[in-house]
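Residue-level listing of the chains:
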Amino acid sequence: MSNQIKRGVSLYSYQDEFYTGKMTLEDCIREAAAAGATGIEFLPEQMIPTFPDISDEFVAQWEGWLKKYNVEAVSYDAFLDNKLFANRMLTTSENVAMMKRDLKIASRLGFKILRTLVSTPLEVIKESLAYAEEVNVKIALEVHAPFTFGTPWFEERLDYIKESGTKWFGIMPDFGIFTKRIGSIFQDSYIRKGGTPKIIKWVSDNYEQGVNRDETFEKVSQMPEATEADKAFAEFCRHFVYTDPEILVKNMPYIVHIHGKFYDITPELEETSIPYADVINTLKNGGYKGYICSEYEGNRHIQDYMEVDSIEQVKRHQAVLKKVIG
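Remember, predicted model here, so these are calculated numbers, not experimental data.

Peer 1: Give me the pattern of salt bridges: which residues, what numbers.
Peer 2: Enumeration according to the criterion identifies 20 salt bridges in this entry. Where Glu 26 meets Lys 68, a salt bridge forms, and the shortest distance between an N and an O atom there is 3.0 Å. One end of the pair, Glu 26, is in helix α2 (residues 25-34); the other, Lys 68, is in helix α4 (residues 56-68), and 42 residues separate them in sequence. Judged by its relative accessible area of 22%, Glu 26 falls in the partly exposed class. What makes Lys 68 exposed here is its relative accessible area of 56%. A salt bridge links Arg 108 to Asp 56, with the nearest nitrogen and oxygen atoms 2.9 Å apart. Of this pair, Arg 108 sits in helix α5 (residues 92-108) while Asp 56 sits in helix α4, placing them 52 residues apart in sequence. Note on Asp 56: relative accessible area 60%, which makes it exposed.

Shown next as structure tokens:
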């Protein structure tokens, strides 16, 4: 069993406080380190006002922060804007130029991994790999719900990685693909929006029992007593997916980084939707030695009735990782 799994934090976790001005970029790095993380995942497009223009002064400041808080740059989160224009999609060459731009910035900031999204065309990745090798940054494809292992979208990309033998293109599983149940944070949110508690629970129970999500949605849509919030909740649940964590073992050679997605960590250190112990123990047994970065996404489901405390949630999540990783 591997005990070399490392803990990081995606600064996306602090998006609520950063957006409202309660936290600066340095504050985010400081809090990640204070929570026990040694790695930082960064979203320059979201957090650098001058993006994509990155000054030497900023690079020096960034490096100073990493040294000050004793953390390292782990993953650069890129967003390929192939719908940048209202009247057309970007061409492949335009997308490749954007990918190379982000690879260059990632390298300047000390990152060895660049996260790309499910919407990134495979051809764009193929045409960017030579430059990725040149700047020593691996491209990691995020495996994000509702996409998951075994789907045609994923298998096409995995087949390319295997057949090409490239060392510069890997995969980045997101823990959201292991959503076992629809946590109370989601159920309560839709009840506040006008959902019927009985129907909300029925939809949630169906999901946990493995009932086809589309069938559940169709049944709720036909219920005369169902409110619009009930229907919206059933639609919302269609976008979750549960994947057996054992799939990680056979794909371990291609996993370069992991998003520790979480929605709500209770004071008792339990994630209410994702079976963390099952997933992490599978990673340990499979010999994973990279980072798991906390990625908090529960904020948007509580903003309507309480103040978001991303700092506390990340601290709890890091405690969960520390406990299970051992």
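Peer 1: Can you tell me about the packing of aromatic side chains, naming the residues and giving the values?
Peer 2: Within a pair of aromatic rings, the relevant descriptors are the distance that separates the centres and the angle that separates the planes. For the coordinates displayed, the defined rule picks out 22 aromatic pairs. Taking the centre distance of 6.5 Å and the plane angle of 25° together, the rings of Phe 58 and Trp 62 count as stacked. Pair noted here: Phe 58 and Trp 62 are both in helix α4, with a separation of four residues, about one helical turn. The exposure class assigned to Phe 58 is buried, which follows from its relative accessible area of 13%. Judged by its relative accessible area of 0%, Trp 62 is buried. Through successive ring pairs, a cluster of aromatic residues spans Phe 186, Tyr 190, Tyr 207, Phe 233, Phe 236, Phe 240 and Tyr 263. Across the ring face of Phe 79, the terminal group of Arg 115 is positioned such that the distance to the ring centre comes to 4.9 Å.

Peer 1: Which residues make up unusual backbone geometry, and what values go with them?
Peer 2: A cis amide bond links Phe 51 to the next residue, Pro 52, at an omega of 10°. Residue Pro 146 is bonded to the preceding Ala 145 through a cis peptide linkage, with omega at 5°. For Pro 146, the position within the fold is in the loop between β5 (138-143) and α7 (152-164). For Leu 269, which is not a glycine, the phi torsion comes out positive at approximately 65°. Structurally, the position occupied by Leu 269 is in the loop between β7 (258-262) and α13 (276-286). Given a relative accessible area of 28%, Leu 269 falls into the partly exposed group.

Peer 1: Any details on the packing of helix α10 (residues 213-221) against helix α11 (residues 228-237)? Residues and values, ideally.
Peer 2: Each packed pair of helices is defined by two parameters, the angle between the axes and the distance between the axes. Where α10 contacts α11, the two axes come as close as 9 Å, and the packing angle between them is 170°. It follows that α10 is roughly antiparallel to α11 by the angle criterion. On α11, the residues that touch Arg 213, Phe 217, Val 220 and Ser 221 of α10 are Asp 230, Lys 231, Ala 234, Glu 235 and Cys 237.

Peer 1: Summarise the nonpolar core; cite the residues concerned and give the values.
Peer 2: With 101 residues, the main nonpolar core has Phe 42, Trp 62, Phe 175 and Leu 283 as its most contacted residues. It is helix α6 (residues 122-135) that provides the largest number of residues to this core, a total of seven residues. Excluding its chain neighbours within four sequence positions, the residues that come into contact with Phe 175 are Ile 258, His 259, Gly 260, Lys 261, Ile 274, Tyr 276, Val 279, Ile 280, Leu 283 and Ile 292.

Peer 1: So what's going on with the sheet that holds strand β3 (residues 72-77)? Residues and values would help.
Peer 2: Across the sheet, eight strands lie side by side as β6-β5-β4-β3-β2-β1-β8-β7; this open sheet has parallel pairing. The two strands at the open ends of the sheet, each matched to only one other strand, are β6 (169-173) and β7. Strand-to-strand, the axes of this sheet are offset by a mean angle of 30°, without reference to chain direction. Across three bridges, the pairing between strand β1 (residues 6-10) and strand β2 (residues 39-42) is parallel. Within β2, the position partnered with Ser 10 by the bridge is Glu 41.

Peer 1: Could you give an account of the pairing of strand β4 (residues 113-116), naming the residues involved and the relevant values?
Peer 2: Judged by which residues are buried, β4 turns out to be covered on both faces: Ile 113 and Arg 115 on one side and Leu 114 and Thr 116 on the other are all buried. With three bridges joining them, β3 and β4 adopt parallel strand pairing. Opposite Tyr 76, over in β4, you have Leu 114 as the bridge partner. Each parallel crossover has a hand, and for β3 linked through α5 to β4 it is right-handed. Pairing between β4 and β5: four bridges, direction parallel. By the bridge assignment for β5, Thr 116 is matched with Leu 141.

The rules we used
- Residues numbered from 1 in each chain as written.
- Predicted model: local features only at pLDDT ≥ 70, side-chain atom pairs only at ≥ 80, totals over all residues.
- Heavy atoms only, no water.
- Salt bridge = Lys/Arg side-chain N within 4 Å of Asp/Glu carboxyl O.
- Helix = DSSP H or I, 4+ residues; strand = E, 2+ residues; numbered from the N terminus.
- Buried < 20%, exposed > 50% of the residue type's maximum accessible area, 1.4 Å probe, protein only.
- Phe/Tyr/Trp six-rings, centres within 6.5 Å; stacked < 30°, edge-to-face > 60°.
- Lys NZ or Arg CZ within 6 Å of the ring centre and 35° of its normal.
- Axes fitted to C-alpha atoms, helices over the stretch in contact; angles between N-to-C directions.
- Parallel < 35°, antiparallel > 145°, perpendicular 65-115°, else oblique.
- Contact = heavy atoms within 4.5 Å.
- Core = buried A, V, L, I, M, F, W, Y, C linked by side-chain atoms within 4.5 Å.
- Pairing = 2+ DSSP bridges.
- Right-handed = clockwise from strand over helix to strand, strands pointing away.

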